[in-house]
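What follows is the residue order along each chain.
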Amino acid sequence: MLARPAPLTIRGVYSTLRKIALEKGSGSGARRQGLVLSLLRSAREEETRFIVRMLVQNLRVGANWRSVIGALGRAAALHHAKDGLPTKKQLEIAEAATVEAFHLCPSLDVLVPVLLETGPSELGSVCTLRPGVPVKPMLAKAAEGITDALSAMGTTGGAVLGEYKYDGQRAQIHVTNERKVSIFSRNGENRTDSFPDVAEVILEASVGGATSFIVDAELVAIDRANGNRLKAFQELSTRARGAVTSAEITVEVAIFVFDILIADGQPVIEKTLRERRKILQQALPLLAPGRIELARCLEVNTQAKANISVGQIPAIDNRASVQPKDETAEAVLQEFLLTSFADGAEGLMLKQLDAGGYQPSKRSESWLKVKRDYCEGLRDSLDLVPIGGWHGNGRKAKWLSPFLLAAWDPVNEEFQSVCRVMSGFTDQFYAEATERLGRRHRIDGPKPYYVTGECCSVWFEPAEVWEIRGADLTISPVHKAARGHLHPEKGVSMRFPRFIRVRDDKRPQDASTPEVIVDLFNRQTRKVDTRGAPAAQALGNLNSSSGAAQEDLVEDGAEDDGESAFEDDSDSEPGDEACGQET
DNA sequence: GTTGTCTGCCCC
DNA sequence: ATTCTGC
DNA sequence: GCAGAATGGGCAGACAAC
């Protein structure tokens, strides 16, 4: 018998995880595998679960960073308590101070030594806002429309700023007193090396303005040769991820600045947005269209019909227009929202101008986002057929999740996948759909007329139609809807798909068609340029898989063929099923 | 060297 | 990103 | 109302397989 391995220790596990992370290059996969195996062999009881979750999906075991940091603060308070145990109140203060410090300075390397040496009370003086250290960015809540947003802000809304919500990538741009630039992503990742162009532009724009500062901005792909037209997010994401030189840049970006957290070393997050906007303009006096601009915006007064005029408003530059005298704030913003879509933005941000400061990491009511797909009357959806699915994980382990949804192409007589969906279902719906599709309509493998780059672990007959909503349509390498129409082999997919409802009134052959999908795609303002890859007019070589679809679909109610009633779907291995249709 | 597959404190 | 659920 | 979980599309890069 082999001896039982020594028990795991915190230090031992940590050191093995470090080794796994640092392992790279040819053969690294196998070496990493060996390290994981050694961990699992030594794991006992519950340890296995924690190790597996840590490795496969960010330790989803019921505690994310917010809770862990708070607990760390409480632990530090306990550690430093002088006489007896701290009161509940003292613990709460320690927790809040620690979480707050982490928002301003999200670095355990800074936080933990302070907690150990002096305790949570000293955090405020060490973990301060300063250029070079990323701050957790302020976030917005979704609103279902202008009306909804204004009422969510309440009657105290007063002056509201409507601001273009650009479809790019969030960037927190820091400049130190030594004029050293750092660029951080939404998640606090240092992306400075991939944006040398942005660093150059920000330095030029701030000459004569602030020396050191932190500004909040959106980086957007832009077509400078074509009137600074905004490009789709998909184009921005083709930029290199690693370090590049200015000469290697393939996709040009514009910086749309919308807030400032520090100006010349002074924190300004406590000031109102109106004040911050003013400071922002002073900090960056040399703006340049198509390179660096203030986010386009419009001020309205929600208290009454507007009676403000240009001269009375402190300058908020890049303003589209001013609220006319006899129009309500709501009507003006509604029109501004449509303008933002026409200009290629995602929608609007609505912000209170004279209330509240910049709240790091908060998803506050004082910032609301309005996007097309949130708005009744402006949003589109597709009616799609669930053709397959996978076995869920974690809390969804007893159900199928996600599902694969497809459009119906009546010309080629095939179902073409559009997207996976896992959002919008209630638990009860999962239970019912798993039973209905995963058992009663289950088939052994994909129908010959299912066209997709996906490989489901469970396949269904085309049995029902679901309404699916998304933000916009994209050109996809894996999904095949409307293939041949916009690109020779690529199809159309959907960004942020979610389930809305079952369309009981529709049968699979009533699902959305390529015709509808292509039309919706073409009506989008922002879309990837497919002109380089002209659509294949020659559909003749694509429809070879058709056949039998029509016969299958003629009658869909009464048939009960192949209903292997008690098939066990508990844990079939992914990849053990027939897979690999498509070309 | 070329092609295919999988991953990412990725971006949205 | 979006959405649902449990507290 | 917040925290947490479970996942969406799609890209460049990294690595594996040929």
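Look up a bit, the structure's there.
Residues numbered from 1 in each chain as written. Chains lettered and ligands numbered in written order. Predicted model: local features only at pLDDT ≥ 70, side-chain atom pairs only at ≥ 80, totals over all residues. Heavy atoms only, no water.

Chemist: How would you explain the packing of aromatic side chains if you had to name every residue and give the values?
Modeler: Tallied over the full model, the rule gives 21 aromatic pairs. Ring geometry for phenylalanine 258 versus tryptophan 367: centroids 6.2 Å apart, planes at 70°, classification edge-to-face. Taken together, the residues span a long stretch of sequence, with phenylalanine 258 in strand S7 (residues 253-263) and tryptophan 367 in strand S12 (residues 363-371) at a distance of 109 residues. Across this residue pair, the class does not change: phenylalanine 258 and tryptophan 367 are buried. Taking the centre distance of 6.1 Å and the plane angle of 85° together, the rings of phenylalanine 415 and tyrosine 450 count as edge-to-face. Linking phenylalanine 415 in strand S15 (residues 414-421) with tyrosine 450 in strand S17 (residues 450-451), this pair joins segments that are 35 residues apart in sequence. According to the relative accessible area criterion, phenylalanine 415 is buried, its value standing at 0%. Following the ring pairs from residue to residue traces out a cluster consisting of Trp399, Phe403, Phe425, Phe429, Tyr430, Phe460, Trp466 and Phe499. (Phe/Tyr/Trp six-rings, centres within 6.5 Å; stacked < 30°, edge-to-face > 60°. Helix = DSSP H or I, 4+ residues; strand = E, 2+ residues; numbered from the N terminus. Buried < 20%, exposed > 50% of the residue type's maximum accessible area, 1.4 Å probe, protein only.)

Chemist: Go over the sheet that holds S12 with me, naming the residues and quoting the values.
Modeler: Taken together, 5 strands build an open sheet; the order of strands is S1-S12-S11-S2-S10 and the sheet is mixed. Two strands in the sheet have a free side with no partner beyond their single neighbour: strand S1 (139-142) and strand S10 (297-301). Strand-to-strand twist in this sheet, taken as the mean axis angle between neighbours without regard to direction, amounts to 35°. Two elements, strand S2 (residues 159-165) and S10, share 5 bridges in a ladder whose sense is antiparallel. Residue leucine 161 lies in a different strand from S10, and its bridge partner there is glutamate 299. (Pairing = 2+ DSSP bridges. Axes fitted to C-alpha atoms, helices over the stretch in contact; angles between N-to-C directions.)

Chemist: Tell me what's going on with the nonpolar core, and back it up with residues and numbers.
Modeler: The nonpolar side chains of a soluble globular protein tend to be buried with one another. In terms of nonpolar packing, the biggest core is built from 42 residues, with Leu337 and Leu350 touching the most fellow members. Counting residues per element, the ones that place at least two in this core are helix H8 (146-153), S2, strand S5 (213-223), S7, S10, helix H12 (329-342), strand S11 (347-352) and S12. Ranked by residue count, the leading element in this core is H12, at 6 residues. In this structure, leucine 337 is in contact with Ile146, Gly347, Leu348, Val370, Cys375 and Leu378, ignoring residues within four places of it in sequence. (Core = buried A, V, L, I, M, F, W, Y, C linked by side-chain atoms within 4.5 Å. Contact = heavy atoms within 4.5 Å.)

Chemist: So what about the environment of leucine 368? Which residues, and what values?
Modeler: Turning to its location among the elements, leucine 368 is positioned in strand S12. Residues leucine 368 and leucine 150, 218 residues apart in the sequence, show an inter-C-alpha distance of 9.0 Å. Setting aside its immediate chain neighbours within four residues, leucine 368 contacts Ala140, Lys141, Ala143, Ala149, Ala152, Met153, Leu348, Met349 and Leu350.

Chemist: Let's hear about H8: which residues, and what values?
Modeler: Every buried residue belonging to H8 is among Ile146, Ala149, Leu150 and Met153, and all of these are buried. Along H8, the residues classed as buried sweep out an arc of 95° about the axis, all on the same side. Those residues of H8 hidden inside the fold are in contact with S2, H12, S11 and S12. Once H8 finishes, glycine 154 follows within two positions and takes phi at roughly 80°, a positive value. (Arc of directions from axis to C-beta.)

Chemist: Please give an account of the protein's contact with DNA strand B that cites residues and values.
Modeler: Around DNA strand B, the neighbouring residues are Gly168, Gln169, Arg170, Ser185, Arg186, Asn187, Glu189, Arg191, Phe233, Arg241, Arg495 and Phe496. By atom count, sugar and phosphate contribute 76% of the portion of DNA strand B lying within 4 Å of the protein. Contact distances for DNA strand B include 3.0 Å between a phosphate oxygen and a backbone N or O atom of arginine 170. Contact distances for DNA strand B include 3.3 Å between a phosphate oxygen and a side-chain N or O atom of serine 185. A breakdown of the residues in the surface near DNA strand B according to their chemical character gives 2 nonpolar, 4 polar and 6 charged. (Near = heavy atom within 4 Å. Polar contact = N/O pair within 3.5 Å; in protein donor to acceptor, adjacent residues only side chain to side chain. Nonpolar A, V, L, I, M, F, W, Y, C, P; charged D, E, K, R; others polar.)

Chemist: How would you explain the packing of helix H4 (residues 65-80) against helix H5 (residues 88-104) if you had to name every residue and give the values?
Modeler: Helix-helix packing is described using two parameters, namely the angle between the two axes and the distance between the axes. Interhelical geometry of H4 versus H5 gives an angle of 130° and a closest axis separation of 8 Å. In terms of their interaxial angle, H4 and H5 are classed as oblique. In this structure, H4 crosses over H5, and the sense of that crossing is right-handed. In this structure, H4 uses Trp65, Arg66, Ile69, Gly70, Gly73, Arg74, Ala77 and Leu78 to contact H5, whose residues at the interface are Leu91, Glu92, Ala94, Glu95, Thr98, Val99, Phe102 and His103. (Parallel < 35°, antiparallel > 145°, perpendicular 65-115°, else oblique. Left-handed = near helix turned anticlockwise from the far one by under 90°.)

By themselves, these figures tell us nothing about what the structure is for.
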